[in-house]
Amino acid sequence: KETSDKNHLIITEFPINIKKLVEIININFLKKNYSLQSNIKVGEYELNLNSRILKANNISLELTEMEANVILFIKKSNKPIKIKDLQKSVWHQVAELETHTVETHIYRLRKKIKEKFQDDDFIKSTKNGYEIN
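None of the values given here were measured: they were computed from a predicted structure.

Draft legend 1. Quick peek at a positive patch on the surface. Taken together, the side chains of Lys79, Lys82, Lys84 and Lys88 define a basic patch exposed on the protein surface. You can see Lys82 is positioned in the loop between helix H2 (65-76) and helix H3 (83-89). On the basis of relative accessible area, Lys82 is assigned to the partly exposed category, the value being 37%.

Draft legend 2. Region of interest: the packing of aromatic side chains. In total, this model carries two aromatic pairs according to the counting rule given. Pairing Tyr45 with Phe117 gives two aromatic rings, centres 4.9 Å apart and planes at 75°, and the pair type is edge-to-face. Taken together, the positions of Tyr45 in strand S4 (residues 45-48) and Phe117 in helix H4 (residues 101-117) put the pair 72 residues apart, joining distant regions of the chain. Take Phe117: its relative accessible area is 12%, and that puts it in the buried class. Aromatic pair Tyr45 and Phe122: ring centres 5.0 Å apart, planes at 85°, arrangement edge-to-face. Taken together, the residues span a long stretch of sequence, with Tyr45 in strand S4 and Phe122 in the loop between H4 and strand S7 (124-126) at a distance of 77 residues. Grouping residues by exposure puts Tyr45 and Phe122 together as buried. What links up through ring pairs into an aromatic cluster is the set Tyr45, Phe117 and Phe122.

Draft legend 3. The arrangement of the packing of H2 against H4 in detail. Where H2 meets H4, the axes come as close as 11 Å, and the angle between the chain directions of the two elements is 95°. The angle between the axes of H2 and H4 places the two elements in the roughly perpendicular class. On H4, the residues that touch Met66, Glu67, Val70, Ile71 and Ile74 of H2 are His105, Ile106, Leu109 and Lys112. Looking at side-chain class alone, the contact of H2 with H4 contains six nonpolar, one polar and two charged residues.

Draft legend 4. Broad picture of the sheet that holds strand S6 (residues 59-62). If you trace the four strands from one edge of the open sheet to the other, you get S3-S4-S5-S6, paired in antiparallel fashion. Edge strands, defined here as strands with exactly one partner in the open sheet, are strand S3 (40-42) and S6. The mean inter-strand angle of the sheet, taken between neighbouring strand axes irrespective of direction, is 25°. As paired elements, S4 and strand S5 (residues 53-56) share three bridges and run antiparallel to each other. By the bridge assignment for S5, Asn48 is matched with Ile53. Against the sheet, H2 touches S3, S4 and S6, its axis set at about 75° to S3. With respect to the sheet, H4 is in contact with S4, S5 and S6, its orientation differing from that of S6 by roughly 155°.

Conventions we followed
Residues numbered from 1 in each chain as written. Predicted model: local features only at pLDDT ≥ 70, side-chain atom pairs only at ≥ 80, totals over all residues. Heavy atoms only, no water. Patch = residues over 30% accessible without salt bridge, like charges linked within 9 Å, V, L, I, M, F, W, Y side chains within 5 Å. Areas by Shrake-Rupley, 256 points an atom, 1.4 Å probe, with all protein chains shown as cover. Salt bridge = Lys/Arg side-chain N within 4 Å of Asp/Glu carboxyl O. Lys, Arg positive; Asp, Glu negative; His and termini not counted. Charge placed at Lys NZ, Arg CZ, Asp CG, Glu CD. Helix = DSSP H or I, 4+ residues; strand = E, 2+ residues; numbered from the N terminus. Buried < 20%, exposed > 50% of the residue type's maximum accessible area, 1.4 Å probe, protein only. Phe/Tyr/Trp six-rings, centres within 6.5 Å; stacked < 30°, edge-to-face > 60°. Axes fitted to C-alpha atoms, helices over the stretch in contact; angles between N-to-C directions. Parallel < 35°, antiparallel > 145°, perpendicular 65-115°, else oblique. Contact = heavy atoms within 4.5 Å. Nonpolar A, V, L, I, M, F, W, Y, C, P; charged D, E, K, R; others polar. Pairing = 2+ DSSP bridges.

Right, dumping it as structure tokens:
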């Protein structure tokens, strides 16, 4: 039998089979990761990576996996993100590839957010790249 608190796993039955111990550790690791992804603060919004829903003021917007990844990648950076960095890190494309995939995706994402939340400033373009405050 096991119990856990925020950062500890307590095993109360001994001896314990090593396979069972590994299973318990894996299950608790997955639970912790799931809860960490539940609600991420993105400016005035809350992003749930598990459900891929962006919320603000009791309004919800369902995102695609790629849209959620783009938001998370830009938000995690403490500096503006260049298109080539998004291509490489989010789309896993060669940075020198001549494509407008990133710009098109950002345009559509901005449009969805504007329609749902009337927010023109969620993803900002600067001379140094994209940023989310």
